[in-house]
Amino acid sequence: MEELKRATNSFNSHFGANNTFHFITPQYDEDYLAFALNLQDFVANDKIEMYRARVSDHYNTILRSVSREVGLLMNHSAEIRSIISEVNRDFQERNFAGVIRSIELRAEESSDRMMLLLRQIRDFTEEHALTIGERNLFSGDDRDRVNEKVVEYLKRFMKQLQKEPARTELTLSDTFRLQFRIQENDNNTGWVERINNVGSDGTDVLVKAMVNIMLINVFKTRASRKNGEFIIHCMMDEIGKLHPSNVSGILQFANVRNIYLINSSPMGYNADLYKYNYLLTKDGKSQTHIKRLMTINS
């Protein structure tokens, strides 16, 4: 019995408490005897092959599921590039003369670590689709190496998930990096991922507003093809940071696209640039009152 216990404990030291084979940790003599009989049955009936097939099939299912979902997400890349192309063309066709000489957008491959790993998994799965999993008529000589690679990828995937415990989903924006290149007079930003330090604060606000207007116009144009032309009203914040000439320019930039801007400011200025001017006040009950000050007839 002592020899049996020694051999069993030595064997069990290779397995964790929640091991795949459900090997228990014996405590009493009868537990050791039951363990030995169970292990004898396990070996005699080659149950390890059954577990191997089950685990292989499970890994295969996980890998193919991940590959499929990532593939569906990546299928939007063509549409993203189409939108970017429309935005770039829109600026070239209808820019207003001002300090912003050029605005270009482009989509680059994502640098997100999770996304890079998932793309590798998708490419690997597509390349070895007939080899992964159980042996079949199409299995190659490298089947064992491929299945080992499957396990390696899933381990890497698990570790990456553990590094980002707060991350619960993968979004479309994770699949690419949107970059901008802005030319303001003689200043060229080069390709950057953030619209900052293009010029003054007012210039940064102007560029961001122009990019948003062009993005809105792309979707508005697509909707117009189905439902006819229409007008969109949009709020624009921080209008006070713009130079007066750029206020006029951004209004024209939006209006020619049938996008009307609603701008707010604590200071009233350039009132003649807007068709309607309103004064908003609050009374003692915090209720807002709107009073039209002026209407410009075009």
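Position numbers for residues start from 1 in each chain and track the written sequence from start to end. A pLDDT threshold of at least 70 governs which residues receive local features in this predicted model, and a stricter bar of 80 or more applies before side-chain atom pairs are shown or counted, although totals over entire chains, interfaces and linings include all residues. Excluded from the side-chain calculations are hydrogens and water; all other atoms, namely the structure's heavy atoms, are used.

> Explain a positive patch on the surface to me, and be specific about the residues and the numbers.
Here a patch means residues that are over 30% exposed by relative accessible area and free of salt bridges, tied together within 9 Å if like-charged and within 5 Å if nonpolar (Val, Leu, Ile, Met, Phe, Trp, Tyr). Per-residue and other accessible areas follow the Shrake-Rupley method at a 1.4 Å probe size, with only the shown protein chains counted as cover for residues. Throughout this description, the term salt bridge denotes a Lys or Arg side-chain nitrogen within 4 Å of a carboxyl oxygen of Asp or Glu. Counted charges follow a simple rule, with Lys and Arg positive, Asp and Glu negative, and His plus the chain ends left uncounted. By convention, charge coordinates are those of NZ in Lys, CZ in Arg, CG in Asp, or CD in Glu. On the surface, Arg113, Lys155, Lys159 and Lys163 cluster together into a positively charged patch. Elements are defined by DSSP. Helices are runs of H or I of four residues or more, strands are runs of E of two residues or more, and each kind is numbered from the N terminus. Counting residues per element, the positive patch draws most heavily on helix 6 (residues 143-163), which supplies three residues. Note that lysine 159 resides in helix 6.

> Can you explain helix 5 (residues 113-127)? Please cite residues and give values.
The terminal C-alpha atoms of helix 5 lie 21 Å apart, and with 15 residues this matches the ideal 21 Å at 1.5 Å per residue to within 8%. Residues of helix 5 that are buried include every one of Met114, Met115, Leu117, Leu118, Arg119, Ile121, Arg122, Phe124 and Thr125, and no others. We call two N or O atoms a polar contact when they sit within 3.5 Å, provided that within protein one can donate a hydrogen and the other can accept it, with sequence-adjacent residues counted only if both atoms are side-chain atoms. The distance from a side-chain oxygen at the start of helix 5 to the backbone nitrogen of methionine 114 is 3.0 Å, and the residue carrying that oxygen is aspartate 112. The span expected for a helix works out to 1.5 Å for each residue beyond the first. Type-normalised accessible area, obtained with a 1.4 Å probe on protein chains alone, sets the label of each residue: buried when under 20%, exposed when over 50%, and partly exposed for intermediate values.

> Now, about the pairing of strand 5 (residues 259-263): what can you tell me, with residues and values included?
A one-sided burial pattern is seen for strand 5, the buried positions being Ile259, Leu261 and Asn263 and the unburied ones Tyr260 and Ile262. Two strands qualify as a pair provided DSSP detects at least 2 bridges between them. In the sheet, strand 4 (residues 232-236) pairs with strand 5 via five bridges, with the strands oriented parallel. The residue of strand 5 that forms the bridge with cysteine 234 is leucine 261. By convention, a crossover is right-handed whenever its connection, traced from the first strand over the helix to the second and viewed with the strands pointing away, goes clockwise. A crossover links strand 4 with its parallel partner strand 5, the connecting element being helix 8 (residues 244-255), and its sense is right-handed.

> Explain the environment of arginine 68 to me, using residue names and the numbers behind them.
Looking at the element boundaries, arginine 68 is found in helix 3 (residues 47-74). For arginine 68, a relative accessible area of 48% gives the class partly exposed. Sequence separation between arginine 68 and asparagine 263 is 195 residues, and the spatial gap between their C-alpha atoms is 45 Å.

> Account for the nonpolar core, naming residues and giving values.
Residues Ile103, Ile250 and Leu261 are the most contacted members of the largest nonpolar core, which totals 35 residues. Mapped onto this core, the elements with two or more residues apiece are helix 4 (77-93), strand 1 (100-109), strand 2 (176-184), helix 7 (201-227), strand 4, helix 8 and strand 5. Ranked by residues supplied to this core, first place goes to helix 7 with nine residues. In contact with isoleucine 103, not counting residues within four places along its chain, are Asn88, Phe91, Arg181, Ile182, Val207, Met210, Val211 and Met214. Here the nonpolar core consists of buried residues drawn from Ala, Val, Leu, Ile, Met, Phe, Trp, Tyr and Cys, with membership extended through side-chain atoms lying within 4.5 Å. Among the nonpolar cores identified, the runner-up in size contains 15 residues, and Val66, Leu118, Val146 and Leu154 belong to it. What makes two residues a contact is simply this: any of their non-hydrogen atoms within 4.5 Å.

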